[in-house]
Amino acid sequence: MKYYSTNKQSPAVDFKQAAIAGQAPDKGLYFPEKLPAVSPHLIRDIELLSNESIACEVIKPYVGDVIPADILQQIVADTVNFPLPMVPVTNTISSLELFHGPTLAFKDIGARFMSRCLGYFLKDETKKVTVLVATSGDTGGAVANGFYGVEGVEVVILYPSGKVSPVQEKQLTGLGGNIHALEVNGSFDDCQQLVKEAFADEDLRSKVFLTSANSINVARWLPQQFYYFLAWKQWADKNNPPVVAVPSGNFGNICAGILARQTGLPIKHFIAACNINDVVSPYLQTGNWQTKKAVATLSNAMDVANPSNFVRILEIFNREFSTLSNSLSSATVTDAETEATIKTVYQQTGYLLDPHGAVGYLALEQYLAQHGGKGIFLETAHPVKFPEAVERITGKPVAIPEAVQTIMDAPKKSELMEVAYEKLRAFLLQ
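Bear in mind that the values here come from a model prediction, so they are computed numbers and not experimental data. (Residues numbered from 1 in each chain as written. Predicted model: local features only at pLDDT ≥ 70, side-chain atom pairs only at ≥ 80, totals over all residues. Heavy atoms only, no water.)

(A) Fine view of helix α16 (residues 335–349). A rise of 1.5 Å per residue sets the reference length of α16, with its 15 residues, at 21 Å; its end C-alpha atoms lie 21 Å apart and thus fit the reference within 8%. Buried within α16 we find Thr338, Thr341, Ile342 and Val345. Down the axis of α16, the buried side of the element spans an arc of 100 degrees, and every buried residue falls inside it. Across from the buried face of α16, at angles greater than 90 degrees, the exposed residues are Ala336, Gln347 and Gln348. As for α16, its buried residues are in contact with α17 (355–371) and α18 (387–394). Directly beyond the C-terminal end of α16, a positive phi value near 80 degrees is found at Gly350. (Helix = DSSP H or I, 4+ residues; strand = E, 2+ residues; numbered from the N terminus. Expected span 1.5 Å × (residues − 1). Buried < 20%, exposed > 50% of the residue type's maximum accessible area, 1.4 Å probe, protein only. Arc of directions from axis to C-beta. Contact = heavy atoms within 4.5 Å.)

Next comes the structure, spelled out in structure tokens:
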């Protein structure tokens, strides 16, 4: 499998080269030259297969021959070694819970797969590698956990000051060691732009071996397909594929789902469930793309006003707007609606949503009310990551899992930084 840049100005590379580089030299994102067709037996017999076997078969064509089969199998086994259960909430809506991994967020799958791939690729590398990542909440914690203590790898995480939850911040800043947290006095988009500038700085990259851990990296993006195949494994009515609502910020997760659908996974329709930092809903209505400045919301991991991965969605549909708009719809959910959804669902069903899951739930509920059918929303983070909001809305305390309590007791280790590329550059050169 070869990967080309979405900007079309860089040479094609294999999976190893794309994973190590992160971003293409022309600042585009790597995208597979050819989309593999999913084997019919995988769809037909999926209930008979282990999660590890399913994930291996899904990812194998994208990896090609750059990782031996036995090594890839071990990487996948380490990646999907925790449950991803589907839980009925109502008669028509189910939750796919993606928060049972070590950092209680859906990012654990991609981060674990990527860290193990890079560990294999870089095992004979003599030069120290710096993994550079921007986070709006959960990516940083998952990446920190995946790479913590890995010899020869330094991780630098940029996060927006005051715009992540206390649990999220401690997962970024509580480890220390080879994990370095930069608390940026700005938005996630500012953090992401600083990271992009670093990757575009040829002089810096001649001195520092940089790679990315955001979903711009194919090794983080592609394994997110696993969620959707494992959802299909658990979906009871195989004759009526589900509508799937995905809480969407940088659009890497939903893009992976759309990719899975395009290669043969039965999914009826996708809904991009967004908070008010939403540029996709107007785009799907008008065909005109307009960015705007991000603002802070309850669903902070989705506070992204310029989603990097949307360009990959355009590639999947060959930039044909009519085909895209028929396969994907979008919903915008306010903080007031998010709070009301958490409260109502908890009172009526006993199911506790986090703010991101609440956005997904409401978007799906509204779509099904208009179109009928049944569907799944992705519950992307454990409610404990947002204790103040969830406890205020429900009136009930959220029990803190033991793994989180350990990190909450750790001292915060971070360095405050203004939105200035020269500051980041100087830090990376230290």
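Back to the write-up after that little detour.
(B) Fine view of the pairing of strand β1 (residues 2–5). Judged from the 2 bridges that link them, β1 and strand β2 (residues 13–14) form a sheet pairing that is antiparallel. When the bridges of β2 are listed, Lys2 appears paired with Asp14. Two elements, β1 and strand β3 (residues 30–32), share 3 bridges in a ladder whose sense is antiparallel. Note that in β3 the partner of Tyr3 across the bridge is Pro32. (Pairing = 2+ DSSP bridges.)

(C) Quick peek at the packing of aromatic side chains. This structure, assessed with the given rule, holds 15 aromatic pairs. Measuring from centroid to centroid gives 5.6 Å for Phe251 and Phe310, while their planes differ by 80 degrees, and the two rings are edge-to-face. Here Phe251 is found in the loop between β10 (243–247) and α12 (252–262), whereas its partner Phe310 is found in helix α14 (residues 310–316), with 59 residues between them in sequence. The buried category is assigned to Phe310, whose relative accessible area is 3%. An aromatic cluster of three or more residues is present, and its members are Phe251, Tyr283, Trp289, Phe310 and Phe321. Positioned over the ring face of Tyr120 is Lys123, at 4.0 Å from the centre of the ring. The ring of Trp221 is capped by Arg312, whose NZ or CZ atom sits 4.3 Å from the centre of that ring. (Phe/Tyr/Trp six-rings, centres within 6.5 Å; stacked < 30°, edge-to-face > 60°. Lys NZ or Arg CZ within 6 Å of the ring centre and 35° of its normal.)

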